[in-house]
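What the coordinates show
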Amino acid sequence: MELFRDRIKARGARGIVGLQRMFKIMDDDESRCLSLYEFSKACRDFKIGISEDNLPVIFNAFDLNHDGTLSIDEFLMAVRGELN
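Residues numbered from 1 in each chain as written. Predicted model: local features only at pLDDT ≥ 70, side-chain atom pairs only at ≥ 80, totals over all residues. Heavy atoms only, no water.

One pass over the structure, following the stated rule, counts three aromatic pairs. Here the aromatic rings of F23 and F75 are separated by 5.5 Å at their centres, their planes lie at 50°, and the arrangement is tilted. Placement of the pair is F23 in helix α2 (residues 16-26) and F75 in helix α5 (residues 72-80), with a sequence separation of 52 residues. Comparing F23 with F75, the two get one shared label, buried. Seen in terms of ring centroids, F39 and F62 are 6.3 Å apart; in terms of plane orientation they differ by 85°. Their pairing is edge-to-face. Here F39, found in helix α3 (residues 36-45), pairs with F62, found in helix α4 (residues 55-62); they are 23 residues apart in sequence, far enough to count as distant. A residue is classified by how much of its surface remains accessible, and F39, at 0% relative accessible area, is buried. (Phe/Tyr/Trp six-rings, centres within 6.5 Å; stacked < 30°, edge-to-face > 60°. Helix = DSSP H or I, 4+ residues; strand = E, 2+ residues; numbered from the N terminus. Buried < 20%, exposed > 50% of the residue type's maximum accessible area, 1.4 Å probe, protein only.)

Let's shift gears to unusual backbone geometry. If you check the backbone angles, R32 has positive phi at about 70° while not being a glycine. As for its placement among the helices and strands, R32 is situated in the loop between α2 and β1 (33-34). A positive phi angle is found at H66, which is not glycine, with a value near 55°. Positionally, H66 belongs in the loop between α4 and β2 (70-71).

Attention now moves to the side chain of D63. In this structure, D63 sits in the loop between α4 and β2. Those residues in contact with D63, other than ones at most four positions away along the chain, are G68, T69, L70 and E74. (Contact = heavy atoms within 4.5 Å.)

Note on F23: relative accessible area 5%, which makes it buried. In the structure, F23 is positioned 47 residues away from L70 in sequence and 9.7 Å away in space, judged by C-alpha atoms. For F23, the residues in contact, after removing those within four places along its chain, are R32, C33, L34, L70, S71, I72 and F75.

So, about the environment of R32. For R32, a relative accessible area of 66% puts it in the exposed group. Put simply, R32 and L70 are 38 residues apart on the chain and 8.6 Å apart in space, counted from C-alpha to C-alpha. The contact partners of R32, leaving out residues within four places of it in the chain, are F23, D27, L70, S71 and I72.

Membership of the largest hydrophobic core comes to 21 residues, with the highest contact counts inside it found for F4, M26, F39, F62 and F75. Of all the elements in the fold, those that place two or more residues in this core are α2, α3, α4 and α5. Excluding residues within four positions of it along the chain, F39 makes contact with F4, M26, L55, I58, F59, F62 and L70. (Core = buried A, V, L, I, M, F, W, Y, C linked by side-chain atoms within 4.5 Å.)

Rendered as structure tokens:
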């Protein structure tokens, strides 16, 4: 998961606004949530460099309420981490 965070941050999405913009780009169906398909597609499109086998594992770890989707809040928490 640290590798995923580092790769996202390396793409310039350090601040909240950058992460929100990235989330909106990833959300193909504009549902305000990411499906595993959208998450996997975005990781391939952004050339994150995570193996296909690990994407479901990362997605499930980020899906805090285990509803099968990533909300913007779950995505921000996953990438940004806990705030002080």
